[in-house]
Amino acid sequence: MKKKIIISIPVSLILILLFVLFLRRTVSYEISYDLEGFDIKESYDKKSRIYSFSMMYEDKVYEFFIKNDFLHQKELIDGFDILEEDNEKCLILRSGKLDTYPQCYKEDNLIDYDLLEHKNDEFYKRDHEVGETSKYKNIEIYGLNDFSLAIWNSKGYYYLTEKKEESISFLSEESYYNNLATTVDNFILTPNYDEDYNFKTVHVLDLKTGKSTKWELGFEISLNFYYMGNIDGKVYLLDRKNRAEYSLDPKKKRIVLVSENDEGVVWNNEWEKLSMTKLIGEEYKFAKKDFFNYHLCEDKLCLSIGESKKVMKVIDQKISKIISIKDDVVFYLVDDKLYSYSLLEGERLLAKYSEWKFNNLNSLFIY
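First, a word on what this report is: a plain description of the structure on this page. Everything quoted here is computed from the prediction, not taken from an experiment.

**Describing the overall build of the protein**
Along its length, the protein carries 2 helices and 31 strands. Reported as C-alpha extents along the three principal axes, the dimensions of the protein are approximately 80 × 70 × 45 Å. In the protein, which comprises 367 residues, the proportion classed as buried is 45%. Looking at the protein as shown, the accessible area adds up to about 20900 Å², and 47% of this sits on carbon and sulfur atoms. When the 52 positive and 65 negative side-chain charges of the protein are each reduced to one mean point, those points stand 8 Å apart.

**Some remarks on the sheet that holds strand β18 (residues 225–231)**
Two strands in a sheet stick together by hydrogen bonds in their backbones, pointing the same way (parallel) or opposite ways (antiparallel). Taken together, 4 strands build an open sheet; the order of strands is β18-β19-β20-β21 and the sheet is antiparallel. With one partner strand each, in any of the chains shown, β18 and β21 (254–257) form the two edges of the open sheet. Sheet twist, expressed as the average angle between the axes of neighbouring strands with direction ignored, equals 25 degrees. Two strands pair when backbone bridges link them, and strand β20 (residues 244–249) and β21 are joined in this way by 4 bridges, in the antiparallel orientation. Looking at the pairing, Leu-248 lines up with Ile-255 of β21.

**Topic: the pairing of strand β30 (residues 346–352)**
Working note: regular strand, side chains alternate between the two faces of the sheet. Inspection of the sheet shows strand β10 (residues 139–141) paired to β30 by 2 bridges, in the antiparallel sense. In the sheet register, Ile-141 faces β30, and the bridge partner there is Ala-351. Strand direction decides the pairing type here: strand β29 (residues 337–342) and β30, joined by 6 bridges, are antiparallel. Within β30, the residue paired with Leu-338 across the bridge is Ala-351. Adjacent in sequence and paired antiparallel, β29 and β30 are bridged by 3 residues.

**As for the pattern of salt bridges**
Under the defined criterion, the tally for this structure stands at 21 salt bridges. Two residues, Arg-94 and Asp-81, come together in a salt bridge whose shortest N-O distance is 2.7 Å. Placement of the pair is Arg-94 in strand β6 (residues 88–94) and Asp-81 in strand β5 (residues 79–85), with a sequence separation of 13 residues. Across the pair Arg-243 and Asp-262 runs a salt bridge whose closest N-O atoms are separated by 3.0 Å.

**Section: the state of the cysteines**
Taken as a whole and judged by the stated rule, the model has 2 disulfides. Across the disulfide from Cys-90 sits Cys-104; the S-S distance is 2.1 Å. As the torsion about the S-S bond is roughly 115 degrees, the Cys-90-Cys-104 disulfide counts as right-handed. Note that Cys-90 is positioned in strand β6 and Cys-104 in strand β7 (residues 103–106), a separation of 14 residues in sequence. Between the sulfur atoms of Cys-297 and its disulfide mate Cys-302 the distance is 1.7 Å. A relative accessible area of 2% means that Cys-302 is categorised as buried.

**What about the nonpolar core?**
With 48 residues, the main nonpolar core has Phe-53, Leu-93, Tyr-332 and Tyr-341 as its most contacted residues. It is strand β3 (residues 50–57) that provides the largest number of residues to this core, a total of 5 residues. Leaving out residues up to four positions away in the same chain, Leu-93 has contacts with Ile-40, Phe-53, Met-55, Phe-64, Ile-77, Gly-79, Phe-80 and Thr-100. If you look at the next biggest cluster of nonpolar residues, it comprises 31 residues, including Tyr-159, Phe-170, Val-204 and Phe-225.

**Observations concerning the environment of Lys-326**
You can see Lys-326 is positioned in strand β27 (residues 321–326). Taking the C-alpha atoms as reference points, Lys-326 and Val-202, separated by 124 residues in sequence, lie 24 Å from one another. Excluding residues that lie within four positions of it along the chain, Lys-326 makes contacts with Phe-331 and Tyr-367.

**Here's the deal with the environment of Lys-253**
On the secondary structure map, Lys-253 appears in the loop between β20 and β21. A C-alpha to C-alpha distance of 9.4 Å links Lys-253 and Val-204, two positions 49 residues apart in sequence. If we skip the residues at most four places from it in the chain, Lys-253 touches Val-204, Thr-213 and Trp-215.

**Quick look at the packing of aromatic side chains**
In this structure the tally under the stated criterion is 31 aromatic pairs. The interplanar angle of 90 degrees and the centroid separation of 6.0 Å between the aromatic rings of Trp-152 and Tyr-193 together place this pair among those described as edge-to-face. Of this pair, Trp-152 sits in strand β11 (residues 149–152) while Tyr-193 sits in the loop between β15 (187–191) and β16 (198–206); the two residues are 41 residues apart in sequence, bridging distant segments of the chain. Accessibility classification places Trp-152 together with Tyr-193 in one group, the buried group. Put simply, the rings of Tyr-29, Tyr-44, Tyr-51, Phe-53 and Phe-70 touch in pairs and so form one group of aromatic residues.

**Description of the side chain of Asp-206**
Tracing the sequence through the fold places Asp-206 in strand β16. One buried charged residue, Asp-206, forms no salt bridge at all, with the nearest opposite charge on Lys-208 at 6.6 Å.

**Quick word on the pairing of β11**
Burial along β11 is two-sided: the residues Leu-149 and Ile-151 and Ala-150 and Trp-152 are all buried. Here 4 bridges tie β11 to strand β12 (residues 156–160), and the two strands are oriented antiparallel to one another. When the bridges of β12 are listed, Leu-149 appears paired with Leu-160. Hairpin geometry of β11 and β12 is characterised by an intervening segment of 3 residues between the two adjacent antiparallel strands and by a positive phi of about 80 degrees at Ser-154.

Definitions and cut-offs
- Residues numbered from 1 in each chain as written.
- Predicted model: local features only at pLDDT ≥ 70, side-chain atom pairs only at ≥ 80, totals over all residues.
- Heavy atoms only, no water.
- Helix = DSSP H or I, 4+ residues; strand = E, 2+ residues; numbered from the N terminus.
- Buried < 20%, exposed > 50% of the residue type's maximum accessible area, 1.4 Å probe, protein only.
- Areas by Shrake-Rupley, 256 points an atom, 1.4 Å probe, with all protein chains shown as cover.
- Lys, Arg positive; Asp, Glu negative; His and termini not counted.
- Charge placed at Lys NZ, Arg CZ, Asp CG, Glu CD.
- Pairing = 2+ DSSP bridges.
- Axes fitted to C-alpha atoms, helices over the stretch in contact; angles between N-to-C directions.
- Salt bridge = Lys/Arg side-chain N within 4 Å of Asp/Glu carboxyl O.
- Disulfide = S-S within 2.5 Å.
- Core = buried A, V, L, I, M, F, W, Y, C linked by side-chain atoms within 4.5 Å.
- Contact = heavy atoms within 4.5 Å.
- Phe/Tyr/Trp six-rings, centres within 6.5 Å; stacked < 30°, edge-to-face > 60°.

Here is the structure:
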């Protein structure tokens, strides 16, 4: 006869555990509090994982946005410092819990701290040391940190990380251009260029792991197509020749024919049906707005954040192309050099490759 074992857990212990879980939950909030006679507005958005702070000093509002996991505390600012000389003024909030950065004005124009004429290392200093350098296939690498870089090599990709360098090939014939590749989150999708006019196979490279897989779609898609945009881990494409729209989910290896009755769909903050004739006649792109909106203004790199109409110049050299934006980090080319920039770390040189001067259309991807 089997003995039954009964485990008794006191109700008080269950209540304590539930109370601890309640306290440890992530919440969005907005508060304001006094700091040395100044009003600090502080908020956290749990969906975007972004802390926001603002403070009025003299005649200007200083705003700060920091992506960070929820800290289960509030009133995170301990103090602030001011740097002022000639027509330049900076304010930095000090916190024992968060890394912070200064916001700077030159007259009435917002600029990055590194663009100031008068800097002070005691006030603020970024670490601009170049990482350990190496070379692979004529690519100079200056320290990728935690980023993964994939560079088109005519038959596949060079896959580079801080710890790994390898060549991944999947084509039989060389293709100098890689016009039809795209990314969804950490995946690169590359149509099989060995197939003529139509393709039934996509090569998927996971930028996190470097693993390359072959995906048999089960559909034949014309090379006369365009990408519409990404939503929820899927990329949508419009096959002009076959009058069809598909969604592709590389993580689940799932393709869905989303068009029906000669109509497709477009995302414009909500799904909208459009006739296939309209979708074929011009390229429709899904509405998308990054919270950290990096963009070019007169060939310089600028940034606007959230709903703010303020525009800050962050890099003063001529930018050849913005490659991608990942959260609060932007990746861009200056001639044959690849850089990253973020508000906390500033500009960092990541790699250099002479080929980027001549061909940078879908020739590199970074995650």
